[in-house]
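Here is how the chains run, residue by residue.
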Amino acid sequence: MSRKGKNYWRSLDQLADKPEFRNWLHREFPENASELLESGSRRTLLKLMAASFGLAGLAACRRPVEKILPAAKGVEGYIPGNPLYYSTAMSLGAGVSGLLVETHDGRPTKVEGNPRHPANAGTASAYVQASILGLYDPDRSQTVLKNGRKSSWEEFAQFAGSHFTGDGSGLRILSEQVTSPSLDAVRRHLLKRFPKAQWIEYEPLSQDEAMEGARLAFGDYARAHYQFEKADVVLSLDADILGLDSPSTVYTRDFAKRRRPESMNRLYAGEAQYSVTGTMADHRLRLCASDIGRLALELAEALKLNPAALTVLPNSNDARAKWIQAVARDLVAHRGRSLVVVGPRQPAAVHALAHLMNAALGNAGGTVTYSRSEWQPQISAMRQLAGEMASGAVQTLVILGGNPVFNAPADLQFEAALRKVPTVIHHGLEYDETAALAGWHVPAAHYMESWSDARAWDGTATVQQPLIQPLYGGKTTAEVTALLSGYKDQRAYDIVRNYWVAQWPAAQSEKIWRRSLHDGVVAGTRSPEWKTAINAKRVLDASAALESTGSGLEVAFHQSASLFDGRFANNGWLQEAPDPLTKIVWDNAALIGPATAGKLGLSTGDMVTLEKEGRRITVPVSIQPGQADDSISLALGYGRSRCGRVGTGVGVNVYPLRASAGLHMATGVTLRKTGGKYRLTTTQDHHSMEGRDIVRESALEDFRKNPHGHSEGAAHPELFSLYKEHSYEQGNQWGMVLDLNACTGCNACLVACQAENNIPIVGKDQVERGREMHWIRLDRYFDGSEEDPQVVYHPVACQQCENAPCESVCPVAATTHSPEGLNDMAYNRCIGTRYCANNCPYKVRRFNFLEFQKDVAAVQKMAYNPDVTVRVRGVMEKCTYCVQRIQEKKILAKSEGRRPIRDGEIQTACQQTCPAQAITFGNLRDPESKVAKLAGDPRNYAVLSELNIKPRTTYLTKLRNLNPELA
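The present account deals with the structure reproduced in this document. (Residues numbered from 1 in each chain as written. Predicted model: local features only at pLDDT ≥ 70, side-chain atom pairs only at ≥ 80, totals over all residues. Heavy atoms only, no water.)

Turning next to unusual backbone geometry. The backbone of Asp238 shows a phi angle near 55°, a positive value even though the residue is not glycine. Mapped onto the fold, Asp238 is located in the loop between strand E11 (233–237) and helix H9 (250–257). Positive phi outside glycine occurs at Asn747, with the angle close to 80°. You can see Asn747 is positioned in the loop between strand E28 (734–739) and helix H25 (748–756). Looking at Asn747, the relative accessible area reads 4%, which means it is buried. (Helix = DSSP H or I, 4+ residues; strand = E, 2+ residues; numbered from the N terminus. Buried < 20%, exposed > 50% of the residue type's maximum accessible area, 1.4 Å probe, protein only.)

On the basis of which strands lie adjacent, the open sheet formed by four strands has the order E35-E28-E37-E36 and mixed pairing. The open sheet has two edge strands with one neighbour each: strand E35 (919–923) and strand E36 (940–941). Where E28 and E35 come together, five bridges link them in antiparallel fashion. Each residue of the ladder has a partner; that of Gly735, found in E35, is Gly922. (Pairing = 2+ DSSP bridges.)

Here helix H5 (residues 126–135) crosses H25 at 20°, and the two axes come no closer than 8 Å. Judged by the angle between their axes, H5 and H25 are roughly parallel. The handedness of the crossing between H5 and H25 is left-handed. Between H5 and H25, the residues in contact are Ala126, Gln129 and Ala130 and Ala748, Val751, Ala752 and Ala755, respectively. The class makeup of the residues in the contact of H5 with H25 is six nonpolar, one polar and no charged. (Axes fitted to C-alpha atoms, helices over the stretch in contact; angles between N-to-C directions. Parallel < 35°, antiparallel > 145°, perpendicular 65-115°, else oblique. Left-handed = near helix turned anticlockwise from the far one by under 90°. Contact = heavy atoms within 4.5 Å. Nonpolar A, V, L, I, M, F, W, Y, C, P; charged D, E, K, R; others polar.)

We now examine helix H12 (residues 319–333). Quick reminder: α-helices carry 3.6 residues per turn. Residues three or four places apart thus point the same way. The terminal C-alpha atoms of H12, which comprises 15 residues, lie 21 Å apart, in line with the 21 Å expected from a rise of 1.5 Å per residue. What H12 keeps buried is the set Trp323, Ile324, Gln325, Ala326, Val327, Ala328, Asp330 and Leu331. Packing partners of the buried residues in H12 comprise E11, strand E12 (266–271), strand E13 (283–286), helix H11 (292–303) and strand E14 (338–342). The residue sitting at the N-terminus of H12 and contributing the capping side-chain oxygen is Asp318; that oxygen lies 3.2 Å from the backbone nitrogen of Arg320. (Expected span 1.5 Å × (residues − 1). Polar contact = N/O pair within 3.5 Å; in protein donor to acceptor, adjacent residues only side chain to side chain.)

Structure below.
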């Protein structure tokens, strides 16, 4: 597809116009299309159509039989059918999200961000949205185990009472990162009772380098807090700060606020693998991850790091030098309103250099602030722990969460060392690789089953209250620690409440406690700003070593967009969510750039062995446009051997290649082809709207010169109908606008829609056939050369066309139009002909080929939204603009005696969770509504509007704020 000189493509197969791509487009829709056209027989045509009718009809008649029982007792104040919302928090690594969880009849069904919480301000990530499925995972650990045999909490408590004595010699506790203040209080009590014990924290996605960089610059550990809404120019150095590297979705929200044409910021990115942040960059520089340090040094030299008189190097014809000089000039021109950000994979010296540059540019205290941190170095502590275990110095190891047998650095040989520890106790959600080697295993409570608390990146505390009783009798980390240490409080509720009540005046403690539970934020707990003083000489001395980089191939390890560090491997929603860039599902691969692949004679699907210092893995290759030359990216968390029926054996475990000295990257890696092939499943070519004008993009300066050059009127002449159209001029008329300039393609909307609308998981085989059921399709388009393209995201769901082509071909009127402009589906009327899908130019309708909901475990059905029909085999389904939410607010407005629904009162699931706030929904007939104003914006356009089907979903043109020196 092309527009104004641009050539958008979705995959390398499409760019090369390979026969495989053309064959996929030919056969994707409709099913058996070629047989119908090539048979030359009307009888064959009628036979196939009749079979389609018959099969669909039979499928549509099959309905699940359920039994229901009336409530024996009523609950005071509870109105049946009305959901209740509770505030809580979810900790994930170093980040904490404040949440509001919707419950129906005492069971959580949907997670949303808490608008009062500063860490996410009402938004939520894909991980958070999918956590509701994790709660109801039937493969969660369900009982206490002793040497692999069923035991009980009482037996474990009896063992703990006799075992944990003395001064703690030989006792080690290994936990995930502690973000809970009340757990920290119990920890201090344990270490006081057992003074010779040690407590180690470990996260595979460690922030050690960032923290060491702060200590190098400021003399103490510190956390950086970025104020993106204040930054006119942002430089990202291997930092996916809008995606996987961010401890908070609020960064995405604040950054997106500055992507409006009237005050648009500019983003530069230097990185090896295409990240979400890189796709949003106005200018991106490809380079190896191990070369980022040298880039930072060159930039520091260009700035001269002299706050009194910042200067830049003279012009150069070298492309990289030109990029550096242009960035340096831009940073200087926006002194105090710029920002330099470094990702957690980079060495400490690079982080320190970024702090020095921000200080020199006058950004400290403005676009970036700091707070002190009581950080515990993790990798060095893990190295010491593994050595003590191997030497026999550790007699008892208590593992509180985490899975170090799977994800500890390979050179530590953690599994072998663990086998030498006489007593191993494991506490976790799963009976995983680590639990299998422990003498005792205690099931953990899910965060929605737990009384706890959590402190966010900025220090803000939240009381984590449970939404449901523990389904399998799980215990919180604080309860296990309290048992081992003999803490005064043993119940999770008492531990949390008594800790916080002690912090407040006695006369007001109950009131503050209730307010904290209600708001989801403990007032006054945000960390105070630390006025830092930087040691420039120490930073520059330490950064001198960055001049030398490795040679040959490098490997960079990245967090998985689906599995995090592997803890979500058994979550089908996340496994089936396509990776934002590669669009791979149910797998990981070695991402290699086209030039490197050509040099090594590789193609997608080739199996290769990667080796470094005797450590090796075998993994399939995926050629990724935009990947830096001689750089290979590997996603962590796959290849689990023990995690449940969904995730076991999915993908390749790349942790065996990861060493403690190269936790985030390794240079000098050797690659060898095995001769094998592997079929990777991607959705990148599915449901293609081939050759049509889909994405619109412009430079900011061009838009300002001609704002209306991208509007509907500029696309085609005025359209006329051959028949009298229905008038939608009465009542509410719903519509949606999506801002391509803000969308980061992060998958949060896709998973939120799946959770809200009971969308099934279909599995890898069905996705490979093009049968994924997601109602939202996050198309990703490349523009430019395959080595260094730009990326545009384009979310596509049902466009709610006023002249919907699907409606006119349905033989049973299963899809009809409502007076409010919605394209409705009557599921019990649909007979599955799929005519509507064949006639939809957007390819956004999904067909239940199989009984995808049939084999769902009973406990997983508790996650279903009772306000949405659970569809069965043989019906067509699609986006409904969350019509159940529309009806809920209409009923509420009527009960309150007010006719108009307030603007913004109705939020679709995708809109509510979107970290970038790229989605706006509302009443198009209300001229004061935000959606009506955006519909009249000069950037607004409709996809395939030339068909005169009048879609209710429209888009805002993507803009890039190009630097004239680099344009």
